[in-house]
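What follows is each chain in one-letter form.
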Amino acid sequence: MTVSITLVGCGNMGRAMLGGWIEQNVKPNDILVVDPSVDNLEIAGKSGCRTLTSPLLIEEGYQSDVIVFAVKPQVMTDVIPAYQALIDKGALVISIAAGTRISVFEESFGEDAAIIRTMPNTPAAIRRGMLVSVGNSKVTDHHRKICDILMNAIGTTAWVEEEGLMDAVTGLSGSGPAYVFHMIEAMIAAGVSAGLPEDLARTLAKTTVSGAAELAISSAEPVDVLRKNVTSPNGTTAAGLAVLMGGNALTDLMTRTVAAATERSRELG
Ligand SMILES: NC(=O)C1=CN([C@@H]2O[C@H](COP(=O)(O)OP(=O)(O)OC[C@H]3O[C@@H](n4cnc5c(N)ncnc54)[C@H](OP(=O)(O)O)[C@@H]3O)[C@@H](O)[C@H]2O)C=CC1
Ligand SMILES: O=C(O)[C@@H]1CCC=N1
């Protein structure tokens, strides 16, 4: 199935999705990218996509199967009305904005519009994203298929039936890459403080996180067993984990971290 896409917003996330779609054989000339910034459009243009700085420049006869809104939640209500004509021609709406509820799109586009809210994350840029979607009652199996084509091209996909879960999804997998990047930063700093040269500490930290994550995904063992496999009785790991797990330190910190991001997603709605 070929899918024509209008991508609105070509920032960090828009570019990450675009790269994945093109790598996965969505034809660049089936993609129109709209973004007011010429610099943001340059990469899309070089990939062979059509680019426009404003929806006012979209020609009258234009239609696309899907419009993906990838602008900041704070500007979403100002941005979407300009795309009414595409919705009237039957385009499916996919929004990746944190917090912004499906009802915001229904209020603008009408209750007959098919709206999907998806939460991706930045590893989509290397086709290793986590993408969770929820649709309104107008979303058909055909729409789900279109969404799956786009999202499977850039990562692992899941659907939820309750929109209320999307705030916690955002707090865990949407924001999650930043938590892991910060953990890598902390491991590098800790390695340097333990006496390693910074370049070596960086390589060790990144490779360890990447290898452990791959093992967690590919192994049949649950992650707590994988952790125990590293931990020799009275050995070095036990000494390290006594700090990280003592008083439930990391679990408490992570619980508060995800709760804060989840709450912010609710506020953005
Ligand atoms: N970054 C992430 O990890 C994730 C982000 N999201 C969501 O994705 C969305 C985009 O985030 P992100 O890519 O990080 O943000 P960016 O700021 O990088 O991208 C937003 C893009 O939209 C452009 N833009 C602004 N106004 C318009 C307009 N009227 N029409 C078209 N484009 C416009 C911006 O241009 P300019 O730069 O000139 O303002 C920018 O290029 C947000 O809603 C966010 O919640 C979801 C999951 C993960
Ligand atoms: O920080 C944000 O609001 C966006 C949504 C999830 C990741 N980045």
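Remember, it's a predicted structure, so these values are computed and weren't measured experimentally.

Draft legend 1. Quick peek at the overall build of the protein chain. The helix and strand tally for the protein chain stands at 12 helices and eight strands. Based on the C-alpha atoms only, the size of the protein chain along its principal axes is roughly 70 × 40 × 35 Å. Burial analysis of the protein chain (269 residues in total) assigns 38% to the buried set. Here the analysis covers contacts within the protein chain between residues at least 6 apart in sequence; of these, 62% occur between residues at least 24 apart. Averaging the positions of the 20 positive and the 29 negative side-chain charges in the protein chain gives two centres separated by 5 Å.

Draft legend 2. Broad picture of the UniProt feature "domain: Pyrroline-5-carboxylate reductase dimerisation" (unreviewed entry) in the protein chain. Per the UniProt record, the feature "domain: Pyrroline-5-carboxylate reductase dimerisation" (unreviewed entry) sits at residues 163-268. From the first C-alpha to the last, residues 163-268 spans 14 Å; its make-up is 81% helix and 0% strand.

Draft legend 3. Seen up close, the state of the cysteines. Under the counting rule described, the total for this entry stands at zero disulfides. Cysteine Cys 49 remains unbridged, with the sulfur of Cys 10 as its closest cysteine sulfur at 7.8 Å. Taking relative accessible area as the criterion, Cys 49 reaches 7% and is therefore assigned buried. Just so you know, Cys 147 is unpaired, no disulfide at all, and the nearest cysteine sulfur is the one on Cys 49, 19 Å from it. Residue classification places Cys 147 among the buried positions, given a relative accessible area of 1%.

Draft legend 4. Spatial organisation of unusual backbone geometry. With a phi angle near 60°, Asn 234 is a residue other than glycine that sits in the positive phi range. Residues other than glycine seldom take positive phi values, yet Asn 248 does so here, at roughly 60°. Summarising the element assignment, Asn 248 is placed in the loop between α11 (236-245) and α12 (249-268).

Draft legend 5. Geometry of a nonpolar patch on the surface. On the surface, Leu 244, Met 245, Leu 250, Leu 253 and Met 254 cluster together to form a nonpolar patch covering roughly 410 Å² of accessible area. At the level of secondary structure, the elements contributing two or more residues to the nonpolar patch comprise α11 and α12. The element that contributes the greatest number of residues to the nonpolar patch is α12, accounting for three residues. Relative to the helices and strands, Met 245 resides in helix α11. Note on Met 245: relative accessible area 41%, which makes it partly exposed.

Cut-off values and rules
- Residues numbered from 1 in each chain as written.
- Chains lettered and ligands numbered in written order.
- Predicted model: local features only at pLDDT ≥ 70, side-chain atom pairs only at ≥ 80, totals over all residues.
- Heavy atoms only, no water.
- Helix = DSSP H or I, 4+ residues; strand = E, 2+ residues; numbered from the N terminus.
- Buried < 20%, exposed > 50% of the residue type's maximum accessible area, 1.4 Å probe, protein only.
- Contact = heavy atoms within 4.5 Å.
- Lys, Arg positive; Asp, Glu negative; His and termini not counted.
- Charge placed at Lys NZ, Arg CZ, Asp CG, Glu CD.
- UniProt positions renumbered as here; feature names shortened; annotations may be inferred.
- Disulfide = S-S within 2.5 Å.
- Patch = residues over 30% accessible without salt bridge, like charges linked within 9 Å, V, L, I, M, F, W, Y side chains within 5 Å.
- Areas by Shrake-Rupley, 256 points an atom, 1.4 Å probe, with all protein chains shown as cover.
- Salt bridge = Lys/Arg side-chain N within 4 Å of Asp/Glu carboxyl O.

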